[in-house]
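# Overview (structure and organization)
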Amino acid sequence: MSNVRTRFCPSPTGLPHVGLVRTCLFSWGYARAKGGEFVFRIEDTDAARDTEESYEQLVEALSWLGMTWDEGPDIGGPHAPYRQSQRSDVYADVVKRLVEGGYAYEAFSTNEEVEARHRAAGRDPKLGYDNFDRTLTEEQKQAFRAEGRKPVYRMRMPDEDITFVDAVRGEVTTPAGTVPDYVIARADGSPLYTLTNPVDDALMKVNMVTRGEDLMSSTPRQIVMWRALVELGLAEGVPEYAHLPLIVDERGKKMSKRDPRSNLLQYKLEGYLPEGVLNYVATLGWSISGDRDVFTVAEFLDAFDLHDVKSNPARFDEKKFDAICSAHFRMSDPGELTAMLVPELQKRDLLPEQPSAEQRHILDVAVPLVQERCSTLSQATEMLRFLFCGTEVEIDEASAKKTFKDDAADVLDASIAALEGVEWTVESIEEALKTALVDGMGLKPRKAFGPVRVAISGKTVSPPLYESMELLGEAVSLARLRAARASL
């Protein structure tokens, strides 16, 4: 292909889910990797289901992940409009040309008549349309119209095998007679997906069609439509197709759009970094190398090719998802991460609108410590909470039950006594606590420092203890230790 043009053309229904975004990612990635153009188009002809809210949520998800388009409903382009609901005149003109050219025809048969003909011929009545109306004469058509019937418009399928080469699956052949003539427009003239999708692709000069394998059964119909459009001078050529593998759950079943793990905006809400989410979605059917799962967006765009996508079902693996997202969290620049965490802390009333110099210092020191232990902004925010809540910290009930055992009071008493009056540095705090608890009381480190950690941070898991105490300061640290001791 001299100039790659791909597209993403969702219907604005429901929430943006993993399968939908994976299709967009691979289409976008291929265009960007090949120096081509990416078109964003909306298929919004189903007034009963399509909503502007869904469209806005989809744009929000794609923008969050960093995907941009060269043409679309929000920015326009040379092939506007990019909403199917605004292109009815285009479709009506194409239907007219297809009928005049003999590629499509008017069909008046009712479902009951089709079933009756199958029964009369000894066939299964549920076989579907029997191509009966192909040869209707003008007199027969006029007679049907006189009865008040209005025809649908059907595309004429050829009496030959239909073969195409799929970028993911190789050569695919549909035997002659397998697919009946299909409807492209209803009796009221409104177009169906079988017409609008390939027509828009043709007029927008798309030459690589990326979609899910669940749509593969409709591809022979699209190929026939494309060939007609080429002969009518409306298309430059039949595009290449890439049918992406299904995304399945841990049971091997197709992942539901309603599965909570499929909701992309939920990941944004929970504070996952978009680079990590995009990285994981890219591994659902493709890999950058056999022994590597973590990569940047730039590395993805440098290496991605639709022809390298695997045809096997892609299993959604939660552990792998978390591992990849955690890796990206650790890889993040601490300064950029701090900038993202400030509004999260402000939402929880842990930071004022204008953080003080001391609070900024705490963040600068603490963020690199917590990012080694987190996967999301939400987790990091909760881990930082104890540094900004004053002398009193809310102690997690499970952490207290696990740690505040019979000797916890003695541990806290010894810790308070050891820390009073010491120079308040990481080194001095560490030395004082180890001398009092490990050497003096003969405790193992885990048992020795558990009660102290929970008293200081409220939880059994926190940033490094000594660094945390230095950041909190002597007065706050001792106040928390005394408060925990008094609660026992």
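Structural data are supplied above this passage.
The following paragraphs examine the structure supplied in this document. (Residues numbered from 1 in each chain as written. Predicted model: local features only at pLDDT ≥ 70, side-chain atom pairs only at ≥ 80, totals over all residues. Heavy atoms only, no water.)

Right, let's talk about the overall build of the protein for a bit. Helices and strands together make up the secondary structure of the protein, namely 20 helices and 11 strands. For the protein, the C-alpha radius of gyration of 32 Å lies well beyond 23 Å, the compact-globule estimate for 488 residues. Expressed along its principal axes, the backbone C-alpha trace of the protein runs to roughly 105 × 45 × 40 Å. Per-residue burial over the protein gives 49% buried out of 488 residues. Of all intrachain contacts in the protein linking residues separated by at least 6 positions in sequence, the fraction that spans at least 24 positions is 75%. Total accessible area computed for the protein in this model is approximately 23,100 Å², and 49% of it derives from carbon and sulfur atoms. Separation of charge centres in the protein, based on 58 positive and 79 negative side chains, amounts to 5 Å. (Helix = DSSP H or I, 4+ residues; strand = E, 2+ residues; numbered from the N terminus. Rg over C-alpha atoms; globule rule 2.2 N^0.38 Å. Buried < 20%, exposed > 50% of the residue type's maximum accessible area, 1.4 Å probe, protein only. Contact = heavy atoms within 4.5 Å. Areas by Shrake-Rupley, 256 points an atom, 1.4 Å probe, with all protein chains shown as cover. Lys, Arg positive; Asp, Glu negative; His and termini not counted. Charge placed at Lys NZ, Arg CZ, Asp CG, Glu CD.)

Closest axis-to-axis distance for the helix 16 (residues 408-419)/helix 20 (residues 474-487) pair is 9 Å, and the angle between their directions is 155 degrees. It follows from the interaxial angle that helix 16 and helix 20 lie roughly antiparallel. Judged by the sense of rotation from one axis to the other, the crossing of helix 16 with helix 20 is left-handed. Along the contact surface, helix 16 presents Ala409, Leu412, Asp413, Ile416 and Leu419, while helix 20 presents Glu474, Leu478, Leu481, Arg482, Ala484 and Arg485. In terms of residue class, the contact of helix 16 with helix 20 is built from 7 nonpolar, no polar and 4 charged. (Axes fitted to C-alpha atoms, helices over the stretch in contact; angles between N-to-C directions. Parallel < 35°, antiparallel > 145°, perpendicular 65-115°, else oblique. Left-handed = near helix turned anticlockwise from the far one by under 90°. Nonpolar A, V, L, I, M, F, W, Y, C, P; charged D, E, K, R; others polar.)

The tally for this structure, following the rule as stated, stands at 43 salt bridges. Across the pair Asp201 and Arg7 runs a salt bridge, and its minimum N-O distance is 3.0 Å. Placement of Asp201 in helix 6 (residues 193-203) and of Arg7 in strand 1 (residues 5-8) is noted, with a sequence separation of 194 residues between them. Its relative accessible area of 0% is what places Asp201 among the buried residues. Residues Asp214 and Lys254 are paired through a salt bridge, measuring 3.5 Å at the closest nitrogen-oxygen approach. Of this pair, Asp214 sits in the loop between strand 8 (208-212) and helix 7 (219-231) while Lys254 sits in the loop between strand 10 (247-248) and helix 8 (264-269), and the two are 40 residues apart along the sequence. It is possible to trace a salt-bridge network through shared partners that takes in Arg7, Arg41, Glu43, Arg87, Asp200 and Asp201. (Salt bridge = Lys/Arg side-chain N within 4 Å of Asp/Glu carboxyl O.)

By the secondary structure assignment, Ser332 is in the loop between helix 11 (318-331) and helix 12 (334-347). Residue Ser332 is classed as buried on the basis of its relative accessible area of 16%. Along the chain, Ser332 and Leu437 lie 105 residues apart, while their C-alpha atoms are 37 Å from each other. At 2.8 Å, the side chain of Ser332 and the backbone oxygen of His328 are in polar contact. (Polar contact = N/O pair within 3.5 Å; in protein donor to acceptor, adjacent residues only side chain to side chain.)

Next up on the list: the side chain of Ser378. Position of Ser378 among the secondary structure elements: in helix 14 (residues 377-384). Relative accessible area serves as the criterion here: at 18%, Ser378 is assigned to the buried category. Excluding residues within four positions of it along the chain, Ser378 makes contact with Leu269, Glu270, Gly271 and Arg348.

Here the focus is the environment of Thr283. Its place among the elements puts Thr283 in the loop between helix 9 (274-282) and helix 10 (297-303). Spatially, the C-alpha atoms of Thr283 and Asp200 are 30 Å apart, while their sequence positions differ by 83 residues. Setting aside residues up to four positions removed in sequence, Thr283 forms contacts with Asp293, Phe295, Lys320 and Ile324.

Looking now at the packing of helix 17 (residues 426-440) against helix 18 (residues 445-457). Describing two packed helices takes the angle between their axes plus the distance from one axis to the other. Helix 18 packs onto helix 17 with a crossing angle of 125 degrees between their chain directions and a minimal axis gap of 9 Å. On the basis of the axis angle, helix 17 is oblique to helix 18. The element helix 17 and its partner helix 18 pack so that their crossing is right-handed. Contacts from Leu433, Lys434, Leu437 and Val438 of helix 17 reach helix 18 at Ala448, Phe449 and Val452. Residue classes in the contact of helix 17 with helix 18 are distributed as 6 nonpolar, no polar and 1 charged.

Our focus in this paragraph is the side chain of Arg7. Judged by its relative accessible area of 3%, Arg7 falls in the buried class. There is a polar contact of 3.0 Å between the side chain of Arg7 and the side chain of Asp201. With near-sequence residues (within four places) excluded, Arg7 lies in contact with Ser27, Phe38, Val39, Arg41, Asn197, Asp201, Val206, Met208, Val209 and Thr210.

One can expect most non-glycine residues to show negative phi and most peptide bonds to be in trans. Here the amide bond leading from Ala80 into Pro81 is cis, since omega sits at 0 degrees, within 30 degrees of zero. For Asn131, which is not glycine, the phi dihedral falls at a positive 65 degrees.

A few words on helix 20. Taking 1.5 Å of rise per residue, the 14 residues of helix 20 would be expected to cover 20 Å, and the 20 Å separating its terminal C-alpha atoms lies within 8% of that figure. What helix 20 keeps buried is the set Val476, Ser477, Leu478, Arg480, Leu481 and Ala484. Packing partners of the buried residues in helix 20 comprise helix 16, helix 18 and helix 19 (465-472). (Expected span 1.5 Å × (residues − 1).)

So, on to the sheet that holds strand 7 (residues 182-185). Read from one edge of the open sheet, 3 strands run 3-4-7, paired in antiparallel fashion. A strand with exactly one partner marks an edge of an open sheet, and here the two such strands are strand 3 (104-107) and strand 7. Averaged over all pairs of adjacent strands, the angle between strand axes in this sheet comes to 45 degrees, irrespective of strand direction. Sheet topology places strand 3 next to strand 4 (residues 152-155); 4 bridges connect them, and they run antiparallel. Opposite Ala107, over in strand 4, you have Val152 as the bridge partner. (Pairing = 2+ DSSP bridges.)

No statement about biological role is implied by the geometric values presented.
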